[in-house]
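# A structural walkthrough
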Amino acid sequence: MAWKVTVLPGDGIGPEVTDEAVKVLKASGADIEFEFALVGGAAYDASGHPLPEETVEACKRCDAVLMGAVGGPRWDKLEPVTLRPEVGALLPLRRELGLFANLRPAKTMEALVHASPLKDGRNLIDLVVVRELTGGIYFGTPRGRRDDGNTAFDTCVYSRDEVRRIAECGFQIARTRSNRIVSVDKANVLETSRLWREVVEETAGVYQDVSLSHLLVDNCAMQIVRDPSQFDVILTENMFGDILSDIASMATGSLGLLPSASLGSAAGTRTFGLYEPVHGSAPDIAGQGRANPLAMILSAAMMLRHSLDSADHADRIENAVESALCERLRTADIFENDTKLVTTSEMGDAVVAKLV
Ligand code: IPM
Ligand code: MG
């Protein structure tokens, strides 16, 4: 029976890049039935809400969700904030679908080794940020609010169970890589971080073969900029993971190339997940054929690997992306002298042509 994938193109460049990912998935020969649904500003315009009930239902009845990006200036000022694409669609979708484990690999592409803005960008980066995605300050109760014009607060909450399940996920991923994990927190200041550290250490007892170290988040940010090649698995809470994954991905020099997976159970066995590029909806370049579809295409490859039991198709797509880059094809974001500028859909076609 065919796998069922719900596609949420979203806003800005979302629809253009998801078109290319669907094109590549179809060409890969993977047996998938696609269903499309609205999310974000596009859903708000059509139905008055950024996350319609039908969209949540469509996500709940499939094996995996492929999402473009949401948001844009047209919806940034909507009141209440729960009508805005980020707060009203992306966060509740992660929570409703139970997607607590966010994997954000940052890997240097051979063809783009010199693109890193870091002095030591030549050091090859191959790390994964394992970010807790449905807890912490993004979802604390009581909900963040403004008490009067001059005071606002947000609440950071973590329970032992929430920390344990993401820690287990991190350790399991470390086992599939180099058996090293760095847990990142702010235990010198925050109580949630002290709980985090305690639970991560307890979990480490079950994974004696994995070596664990701890870093404070400010030091981790500095170390990624100093020498990102020292990292393998970085395990951290929601907001620190948001920030560190942007730093780590830029260190590779190619934000437009980085995929992500958000999973509802520890990685390793086939599991439901939502797959999206790390980049946003880039409304400034939407509709111009300038967007880089590779992060979305690589997210589709992660989907094949983690949710659709199709690691072989995933490998073929990842190799095809590398080959297209080796032919010096570049979208505008990674264009440089002596390379060939292509549009979003030409890049998708090139990946299809390289599938073997
Ligand atoms: C991300 C984004 C989101 C986040 C925003 C858009 C809510 O920055 O996925 O990294 O902070 O989680
Ligand atoms: Mg972010």
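How each quantity is defined
Residues numbered from 1 in each chain as written. Chains lettered and ligands numbered in written order. Predicted model: local features only at pLDDT ≥ 70, side-chain atom pairs only at ≥ 80, totals over all residues. Heavy atoms only, no water. Domains from an automatic or database assignment. Contact = heavy atoms within 4.5 Å. Buried area = accessible area lost by both parts, 1.4 Å probe. Salt bridge = Lys/Arg side-chain N within 4 Å of Asp/Glu carboxyl O. Polar contact = N/O pair within 3.5 Å; in protein donor to acceptor, adjacent residues only side chain to side chain. Helix = DSSP H or I, 4+ residues; strand = E, 2+ residues; numbered from the N terminus. Nonpolar A, V, L, I, M, F, W, Y, C, P; charged D, E, K, R; others polar. Near = heavy atom within 4 Å. 1 Å grid on protein atoms, 1.4 Å probe; cavity = no way out; pocket = protein on both sides within 12 Å on 5 of 7 lines; lining within 4 Å. Points joined across faces, edges and corners; volume = space filled by probe spheres on them. Pairing = 2+ DSSP bridges. Axes fitted to C-alpha atoms, helices over the stretch in contact; angles between N-to-C directions. Core = buried A, V, L, I, M, F, W, Y, C linked by side-chain atoms within 4.5 Å. Buried < 20%, exposed > 50% of the residue type's maximum accessible area, 1.4 Å probe, protein only.

## Re the domain arrangement of the protein chain
- The domain architecture assigned to the protein chain consists of domain 1 (1-100 + 255-356) and domain 2 (117-251).
- Between the C-alpha centres of domain 1 and domain 2 the distance comes to 24 Å.
- Each side of the interface is counted separately: domain 1 has 13 residues, and domain 2 has 14 residues.
- Around 1,300 Å² of area is buried between domain 1 and domain 2 when both sides are counted, 66% of it from carbon and sulfur atoms.
- On inspection of domain 1 and its partner domain 2, the count reaches zero salt bridges.
- At the junction of domain 1 and domain 2, the tally comes to two residue pairs in polar contact (both at pLDDT 80 or more).
- Ranked by the residues each element gives to the side of domain 1 that touches domain 2, the list is headed by helix α4 (residues 85-96), at four residues.
- Per-class residue counts for the side of domain 1 that touches domain 2 are nine nonpolar, two polar and two charged.

## Observations concerning the site of ligand 1
- Inspection of the region around ligand 1 gives Glu86, Leu90, Arg94, Arg104, Arg131, Tyr138 and Asp242 as its neighbouring residues.
- Interatomic distance of 2.7 Å between a side-chain N/O atom of Arg94 and an oxygen atom of ligand 1.
- Residue Arg104 places a side-chain N or O atom 2.8 Å away from an oxygen atom belonging to ligand 1.
- It is α4 that contributes the most residues to the shell around ligand 1, three residues altogether.
- Looking at which domains feed residues into the shell around ligand 1, each of domain 1 (1-100 + 255-356) and domain 2 (117-251) gives three or more.

## What to know about the layout of surface pockets
- Empty space within the second largest pocket amounts to approximately 690 Å³.
- Contributing to the lining of the second largest pocket are 21 residues, with Val87, Tyr138, Arg143, Gly144 and Asp154 lying nearest its centre.
- Where the lining of the second largest pocket is concerned, the elements lending two or more residues are α4, β6 (145-148) and β7 (151-153).
- The leading source of residues in the lining of the second largest pocket is α4, at five residues.
- Residue composition of the lining of the second largest pocket, grouped by class: nine nonpolar, seven polar and five charged.
- Counting contributing residues, the lining of the second largest pocket receives three or more from each of domain 1 (1-100 + 255-356) and domain 2 (117-251).

## Describing the sheet that holds strand β10 (residues 233-236)
- If you walk across this open sheet you meet the ten strands as β2-β1-β3-β12-β11-β4-β5-β10-β8-β9, and the pairing is mixed. Single-partner strands in this sheet number two, and they are β2 (32-36) and β9 (211-216). Each strand axis lies, on average, 25° off the axis of its neighbour in the sheet, ignoring direction.
- Here strand β4 (residues 101-107) pairs with strand β11 (residues 259-263) via three bridges, running antiparallel. Within the sheet, the bridge partner assigned to Asn102 lies in β11 and is Ser262.

## A closer look at the nonpolar core
- In this structure, Leu66, Leu103, Met303 and Leu325 are the most contacted members of the largest nonpolar core, which totals 67 residues.
- The element best represented in this core is helix α9 (residues 294-306), accounting for nine residues.
- Two domains share this core, each providing at least three of its residues, namely domain 1 (1-100 + 255-356) and domain 2 (117-251).
- Apart from the residues within four sequence positions on either side, Leu325 is in contact with Met109, Ala111, Leu112, Leu257, Leu294, Arg330, Ile334 and Met347.
- Ranked by size, the runner-up nonpolar core spans 19 residues in total, among them Val184, Leu215, Ile224 and Val278.

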